[in-house]
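Geometric and topological summary
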Amino acid sequence: MNETINRWLTRLGGWEGMEPYILGVFWVIVGYFIAKFFARGVERVVRLRHGASPHSAVIASKTAFYGAFMLVVLIALSALGVQLSGLLAAAGIFTVALGFAAQTSVSNIISGFFLFMDRPFSIDDTVKIDTTLGTVISIDLLSTRIRTFDNLMVRIPNEVLLKSTIINYTLYGVRRIEVPVRVPFDCELQVLQRKLTHTMHALPTILDEPAPIVLIDRFGENGMELLVRAWSERQNYVSAKSELTGAIHARLRELGVDVPLPQRVLHLGETMDGSTLVSQLREGVAPTGGRTRRTAREDTVATTSGDSPA
Amino acid sequence: METRWPLQLSLDDGALEALHVYDKPLHLKRRGAQALVIDTGEELSTRHCALPASCNALRFLPNFGERALLAFPTPQLLCPAGLTMQVVLGLPLGLRIEALHPGGSVHLLDLPAPRTSPGLYGPVDSGQICTSFRAPVCAPDAGQGLDEHPICALDLRLPDETHYALWATIPLTVTNTTPEPREVSKIMLPTASLGLYRRPDRDRLCTSQVQMRLLGPNEAEVLVDNGPEGGEAIAHSGRKPNAHETRRAYTFLHAYRAKTGLEHGF
């Protein structure tokens, strides 16, 4: 064993020859911790003194870490006797080669910088990226990590992120709630509008300003369709929506307004009375004598399917 | 009979178990040396609360809450050109409960004022959440003009029917310096500069005087002034009584673009 070590030492030039390598490794190890310490300091200064967002602090910290660590590596290479001028000359060629090899990673890094400049979201924001909905837990140079609400971690490459549609749910303090309500055609709409607005004003989670509003939206298939719009604080959105929907339901019941169910009105022809039609339908026989005329479309369908009009 | 704030009750006082706040029961019962059971009578509302060592009494104080106030004068105010109008607005107050001990006091609980709800002052993308309420309006010389409004029934009642009012009036002066008559539909008041006082002439609470100068169709200048002459300041929100701060007028926009989308037809 000793002989083997001695042979290796002799080949490397003895203990004196090993010194630069040991120094180099020492610089890399110590430098790593110094860079970490420096990066942590930068993050603290950026976050506490300049009041920056966690996102900016993380980016500043990572930039500081990689910068400091690069410096340490150069010092270590210098201790090993590597000519840095030659290294820098080779760096151009190396960069081109690396560019081809690490195209995706470089693309992600550049996308990460664009995201940093664009700032569509920050750490702890609730976002929806394409179909992924969750909270941003980290924004790194290569990717962004999202914790979904069913407690899964989703890693999205920054390149994909840059091309995606991003919905940020936490940027603004208030959100609008919309509840569609269907009421019978014969309802006193203005009275109902007034009473529902009054109901919403009494709800503690609904904002007084912007004022809640009840809009008459359209003539629906089965009744008049109203649109109830109210605003709530962002963090109360779900409970406010639930409370609002419940309050509308209770108020409609109190006012005796039924929610109309889907229905079809059947008009009977003059030559057939209702009881005959009902009995024919019960027996499974297609009604015959009752129809006085068919629409053009029905006739066309009947002809093409080989069924002649009665 | 109406009495003076702050109300201080010993922990051994039986009255603590039969208080009525905002017409609802509030039961406070000491449990052991360092605990208090707070029960508002509603389902799942009971709390087991820690008390500081050697706590001997509870203090009750009216307060505005943490947020700024957004008052909607009801009915709206209309100030003709070049005139100054004086009104008083009704304001519901919250209730703060503190535990007193030889070293000072500890904040236990805040009961929010009823008949209030959150409201946004400013556009939806950058506004400020305030405590909003429909403020009944009365002329300052109309005497008991506000008394019939439900806000003026808010109080804390002891078992012996002594009651402590939990509402105050905001003395408001509106000056219209524009050549057109102007309406005042709302007014935002930051609570940091707003004081609460006991009026010297009547056994009632009122806030600092508020002066509003209408500068244009959308803009006004609001100054929260001192309390009434001879008014006795009531400590609240951790501020000392009679604390005089430098007061500065601020610009108030009462017709900002809300950006709700409705203004664009959405």
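Residues numbered from 1 in each chain as written. Chains lettered and ligands numbered in written order. Predicted model: local features only at pLDDT ≥ 70, side-chain atom pairs only at ≥ 80, totals over all residues. Heavy atoms only, no water.

An unreviewed UniProt entry annotates chain B as DUF432 domain-containing protein of Lujinxingia vulgaris.

Basically, it comes down to this: UniProt positions are given in the numbering used here, feature names are shortened, and annotations may be inferred rather than shown by experiment.
Under an unreviewed UniProt entry, the name given to chain A is Mechanosensitive ion channel family protein, and the source organism is Lujinxingia vulgaris. Reading the Subcellular location (unreviewed entry) entry of the UniProt record for chain A gives the comment "Cell membrane". UniProt, in the comment section headed Sequence similarities (unreviewed entry), describes chain A in these words: "Belongs to the MscS (TC 1.A.23) family."

Concerning the interface of chain A and chain B
This is how it is decided: We call two residues in contact when some of their heavy atoms are within 4.5 Å. When two components associate, each loses some accessible surface as probed by a 1.4 Å sphere; the sum of these losses over both components is called the buried area. A pairing counts as a salt bridge when a side-chain nitrogen of Lys or Arg comes within 4 Å of a carboxyl oxygen of Asp or Glu.
Taken together, the 15 residues of chain A in the interface contact 18 residues of chain B. Between chain A and chain B the total buried area reaches about 1,300 Å² when both faces are included, carbon and sulfur atoms providing 57% of it. When the buried area of chain A at its contact with chain B is split by residue, Asp 208, Glu 209 and Glu 233 of chain A rank highest and sum to 39% of it. Run the count over chain A and chain B and you get two salt bridges.

A word on the pattern of salt bridges
So the rule is basically this: Only protein chains enter the calculation, and the probe is 1.4 Å; a residue is then buried if its accessible area is under 20% of its type maximum, exposed if over 50%, and partly exposed in between. Comment: elements are numbered from the N terminus, with helices defined as DSSP H or I runs of at least four residues and strands as E runs of at least two.
Tallied over the entire structure, the rule returns 19 salt bridges over all chains. For the salt bridge of Arg 218 of chain A with Glu 225 of chain A, the shortest nitrogen-to-oxygen distance reads 3.2 Å. According to the relative accessible area criterion, Glu 225 of chain A is buried, its value standing at 18%. The shortest N-O distance in the salt bridge between Arg 96 of chain B and Asp 110 of chain B comes to 3.3 Å. A residue pair is termed long-range when its members are at least 10 positions apart, and Arg 96 of chain B in strand β10 (residues 94–101) and Asp 110 of chain B in strand β11 (residues 104–111) qualify at 14 residues. For Arg 96 of chain B, a relative accessible area of 8% puts it in the buried group. Overlapping salt bridges, with partners in common, bring together Asp 23, Asp 155, Arg 157 and Glu 161 of chain B in one network.

Concerning the sheet that holds strand β15 (residues 163–165) of chain B
Residue and element names in this part refer to chain B. Convention followed: Strand pairing is assigned whenever DSSP detects at least two bridges linking the two strands. Axis lines are fitted to C-alpha atoms, over the contacting stretch for helices. Their N-to-C directions set the angle, which ranges from 0 to 180 degrees.
Here six strands make up an open sheet; going across it, the order is β5-β4-β3-β2-β14-β15 and the pairing antiparallel. Edge strands, defined here as strands with exactly one partner in the open sheet, are β5 (47–50) and β15. Here the average twist between neighbouring strands, direction ignored, is 25°. With three bridges joining them, strand β14 (residues 155–157) and β15 adopt antiparallel strand pairing. Across the sheet, residue Arg 157 finds its bridge partner in β15, namely His 163.

What about helix α3 (residues 54–79) of chain A?
Residues and elements named next belong to chain A. The line we're drawing: Expected span, for any helix, means 1.5 Å times one less than how many residues it has.
Between its first and last C-alpha atoms α3 spans 37 Å; for 26 residues at 1.5 Å apiece the expected length is 38 Å, and the two agree. For α3, the set of buried residues is His 55, Ser 56, Ala 57, Val 58, Ile 59, Ser 61, Ala 64, Phe 65, Ala 68, Val 72 and Ala 76. Gly 81 sits one or two positions beyond α3 and adopts a positive phi of about 85°.

Digging into the sheet that holds strand β6 (residues 57–63) of chain B
Backbone-to-backbone hydrogen bonds pair the strands of a sheet. The strands run either parallel or antiparallel. Residue and element names in this part refer to chain B. Read from one edge of the open sheet, four strands run β1-β6-β10-β11, paired in antiparallel fashion. Every interior strand has two partners, whereas the edge strands, β1 (7–10) and β11, have only one. Strand-to-strand twist in this sheet, taken as the mean axis angle between neighbours without regard to direction, amounts to 25°.

What about the nonpolar core?
For clarity, the threshold we go by: Buried Ala, Val, Leu, Ile, Met, Phe, Trp, Tyr and Cys residues form a nonpolar core when they are joined through side-chain atoms within 4.5 Å.
Counting residues in each nonpolar core, the largest one holds 67 residues, and the members touching the most others are Trp 5, Leu 58, Phe 60, Leu 156, Leu 189 and Met 212 of chain B. Those residues in contact with Leu 58 of chain B, other than ones at most four positions away along the chain, are Leu 7, Gln 8, Leu 9, Leu 11, Leu 16, Leu 28, Leu 36, Ile 97, Glu 98, Ala 99 and Leu 108 of chain B. Residues Val 228, Tyr 237, Ile 248 and Val 257 of chain A belong to the second largest nonpolar core, which totals 23 residues.

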